[in-house]
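Residue-level structural notes
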Amino acid sequence: MDVKKAPKLASQFWPEFIKRKIVLVVLIQIFISLTVGAVLIFSDAVDDNPLWLWVIVSSLFIVQLVVSVLVVISITRPTKDLLAAIINVSGEQPKLPLPNPNTTANEQTGFRDALQTIYQLSADKDQGKSVEKIKLAEQNNSLISDALDMTNCGFIALDKNRKVVYSNKTAPVHIDSQGEKIINLIFNGSDTLNAWLDECAENSVHDEHLWTRIPDHLPNEEGRRFFDVIASYQKGSATETVLTLFNRTDSYVVDEENLDFISFAAHELRGPITVIKGYLDVLEDELSDVLKDDQPELFHRLVVSSNRLSGYIDNILNTSRYDRRHLKMNLSEDTVASIYDTISDDMKLRAGAQNRLLSVSFPADLPTIAADRASIGEVLGNLIDNAIKYSNEGGLIRVDAKANGDFVDISVADNGIGMPESVVSQLFQKFYRSHRSRETVAGSGIGLYISKAIVESHGGKISVRSEDGHGSTFTVSLPIYATVADKLKAEDNSNEGLINEGNGWIKNHSMYRS
Amino acid sequence: MAIKTILCIEDDRFIGEMYVRSLKKAGYDVDWVVDGNDGLITARNKQYDVILLDVMLPERRGTEILDALRGGKEDLIPKTHVIVLTNFQQDDESRIAMQKHADAYLIKAEITPKKLISVIEKLDDRAVTP
């Protein structure tokens with residue numbers, strides 16, 4: 001069998017069929033005409049005149065032939081139309097001319113309904129077909145996205161404008177009021193996705209970056225998850241940035257609970273501290289006439305110690321808050337001098353109690369800065385505390401400030417033991433203690449860590465210059481108020497009437513966080 | 001309008017005593033209650049110039065008291081200043097909600113009696129020269 005034979009088309013059937021039928025009709029007519037002729041001859045009906053015989057037989061043949069062909073054409077027309085309609089519906093090519101169901105004849109015979117039934121079948125089938133086609137395309141497209149939706153990993157693709165063009169089910173995104181997908185990731189400090197993309201846009205063609213422990217919600221919000229995030233960047237690609245997010249909630253949530261415990265414990269410590277500090281403050285006045293000899297000095301030590309204790313508790317609380325992405329800054333216009341005023345008495349006492357000289361001078365024409373007064377007070381307190389710890393008896397600690405571009409640089413310098421360069425880079429890590437300080441100086445190693453976090457939350461920078469054996473200078477750079485005033489005003493400051501006194505209230509301020 | 005009467009709602013005996021002692025010495029009339037229910041009742045029964053409100057209180061939290069006094073349509077204590085005093089800095093929206101209805105939100109550990117008095121004096125100044 002010849003398997004390569006082209007498949008027979010339905011449309012080929014009709015010409016062949018009609019040809020055979022016509023031939024059959026012609027043959028039948030010839031047979032009938034001959035039979036009639038023979039009968040006439042044998043019956044002697046036409047005598048001896050053969051001309052009559054031929055006339056009769058020929059006219060009979062022609063009339064019958066014409067009538068038969070017309071009858072054949074007429075009775076096969078519905079069959080032909082049905083075939084044409086079916087071929088049409090089947091979609092086979094080439095098509096036969098499409099029969100019109102609305103002719104008068106069709107209407108009269110009711111054949112119109114039959115044709116319309118077939119056309120309706122075709123319409124139904126077409127509809128089913130297009131739905132099926134779309135379904136198929138969708139299936140192909142959604143096969144991958146279905147697969148990705150099944151995983152516990154998040155996938156997000158961004159175009160070159162950093163718009164989310166794809167995200168799977170697990171990916172932490174929400175849709176904003178404009179209908180755009182927004183990524184919910186709360187990065188810590190200045191190491192954000194946007195900052196990295198800025199850098200990539202400038203310097204890289206292809207790059208990758210890893211962030212660990214990135215939550216998608218703030219603490220106490222429901223369904224909070226933690227991700228390790230890998231970003232892949234390829235310049236010029238349709239999906240320029242692809243984020244792969246590993247859901248690590250299970251392993252990180254334990255740390256979170258520990259942080260909650262630390263925060264709770266630190267809060268508890270504040271109760272007794274409140275009473276100790278409060279009564280020391282009250283009694284200092286009430287006992288001023290009674291204390292004698294070295295008693296006022298001893299009393300000072302109580303005050304210094306309780307203030308330091310309170311400062312350490314603040315450090316722990318802020319660190320726990322920062323690690324939970326919950327350190328909030330309330331930035332307002334302030335001067336370096338008035339911030340320092342809030343800790344000045346305490347610092348004087350601390351330096352005096354440890355026999356250090358403290359020299360503080362701020363130029364009068366220093367521009368105002370955008371600062372959270374309480375937090376920057378803590379930073380300066382931490383830096384001065386460090387300077388006291390790492391300098392020698394009788395040493396000088398200088399605190400000064402100067403304008404530097406869009407920033408005000410506040411520096412705290414000592415002539416103490418300093419440190420080698422290898423130590424400097426690790427200095428701002430959590431719980432880092434230098435080899436020497438481990439043996440000689442008490443401390444928890446979170447003071448500089450949280451100071452850096454606070455300064456960076458202001459949009460500022462903290463840096464250190466140090467020479468081994470000759471002392472260190474820490475510099476805090478904070479934005480000049482005028483340079484960020486517009487941004488700050490754009491924030492909703494609804495608590496204007498509150499008293500901003502002491503280390504008071506903290507407003508919800510998320511300006512430098514993303 | 002000089003500030004004269006103060007209601008202190010504080011469950012910690014030492015802290016409460018400390019504030020009451022200093023405020024009385026400074027010449028204020030001070031009432032002190034130690035639980036949230038009494039705090040709300042007292043605040044509604046008598047008009048005070050200032051209410052010192054702790055947050056972590058037995059029976060009824062400071063947030064609830066503030067909400068009952070100022071959260072409804074009508075401010076039940078329109079002439080009273082509310083100073084929230086807490087050692088638990090709230091990490092959540094309840095803190096923001098409190099700030100909305102309070103004149104100040106202060107951390108107790110940072111507020112010695114002397115500082116508290118200076119805060120109250122400032123409120124007084126502001127009331128005189130708005």
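In this report, we go over the structure that sits alongside the text.

Definitions and limits used
Residues numbered from 1 in each chain as written. Chains lettered and ligands numbered in written order. Predicted model: local features only at pLDDT ≥ 70, side-chain atom pairs only at ≥ 80, totals over all residues. Heavy atoms only, no water. Helix = DSSP H or I, 4+ residues; strand = E, 2+ residues; numbered from the N terminus. Expected span 1.5 Å × (residues − 1). Buried < 20%, exposed > 50% of the residue type's maximum accessible area, 1.4 Å probe, protein only. Pairing = 2+ DSSP bridges. Phe/Tyr/Trp six-rings, centres within 6.5 Å; stacked < 30°, edge-to-face > 60°. Lys NZ or Arg CZ within 6 Å of the ring centre and 35° of its normal. Core = buried A, V, L, I, M, F, W, Y, C linked by side-chain atoms within 4.5 Å.

Looking now at helix H9 (residues 373-389) of chain A. For an α-helix, the turn length of 3.6 residues means that residues three or four places apart are oriented alike. Its 17 residues give H9(A) an end-to-end C-alpha distance of 24 Å, which sits within 8% of 24 Å, the value for a rise of 1.5 Å per residue. In terms of residue burial, H9(A) counts as a mostly covered element, since 15 of its 17 residues are buried.

Our next topic: the pairing of strand S7 (residues 241-247) of chain A. Residue and element names in this part refer to chain A. The sheet contact formed by strand S1 (residues 153-158) and S7 spans six bridges and is antiparallel. Bridge assignment links Ile156 to a residue of S7, and that residue is Leu243. In this structure, strand S6 (residues 226-234) lies alongside S7, joined through seven bridges in antiparallel fashion. For Tyr233, the partnering residue across the bridge sits in S7 and is Thr241. Taking the residues that link successive antiparallel strands as the turn, the S6-S7 hairpin has six residues, and the phi of Gly236 there is positive, at about 85°.

The backbone of Arg213(A) sits at a positive phi, close to 60°, despite the residue not being glycine. Looking at the element boundaries, Arg213(A) is found in strand S5 (residues 206-215). By relative accessible area, which is 17% here, Arg213(A) ends up buried. Positive phi, normally seen in glycine, also occurs at Glu59(B), with a value near 70°. Mapping Glu59(B) onto the fold places it in the loop between strand S3 (50-54) and helix H3 (62-70).

Another aspect to go through is the packing of aromatic side chains. Residues and elements named next belong to chain A. Applying the stated criterion across every chain yields a total of nine aromatic pairs over all chains. Each ring, one from Tyr340 and one from Phe362, has its centre 5.8 Å from the other, and the planes form 65°; the classification is edge-to-face. Linking Tyr340 in helix H8 (residues 336-353) with Phe362 in the loop between strand S9 (357-361) and strand S10 (369-371), this pair joins segments that are 22 residues apart in sequence. Looking at Tyr340, the relative accessible area reads 5%, which means it is buried. Their ring planes at 85° and their centres at 6.4 Å tell us that Phe428 and Phe474 sit as a pair that is edge-to-face. Taken together, the residues span a long stretch of sequence, with Phe428 in the loop between helix H10 (421-424) and helix H11 (435-440) and Phe474 in strand S14 (residues 471-479) at a distance of 46 residues. Per residue, the accessibility class of Phe428 equals that of Phe474, and both read buried. Taken together, the ring pairs connect Phe187, Trp196, Trp211 and Tyr233 into an aromatic cluster. Arg213 extends its terminal NZ or CZ atom over the ring of Tyr252, reaching a point 5.3 Å from the ring centre. Between Arg248 and the ring centre of Tyr252, over which it is positioned, the NZ or CZ distance is 5.2 Å.

Grouped together as the largest cluster of nonpolar side chains are 48 residues, with contacts concentrated most on Leu383(A), Val408(A), Leu427(A) and Phe474(A). A total of seven residues in this core trace back to one element, the largest contributor, which is H9(A). Core analysis: the next-biggest nonpolar cluster, separate from the first, contains 23 residues, Val20(B), Leu85(B), Leu106(B) and Ile117(B) among them.

None of this, on its own, says anything about what the molecule does.
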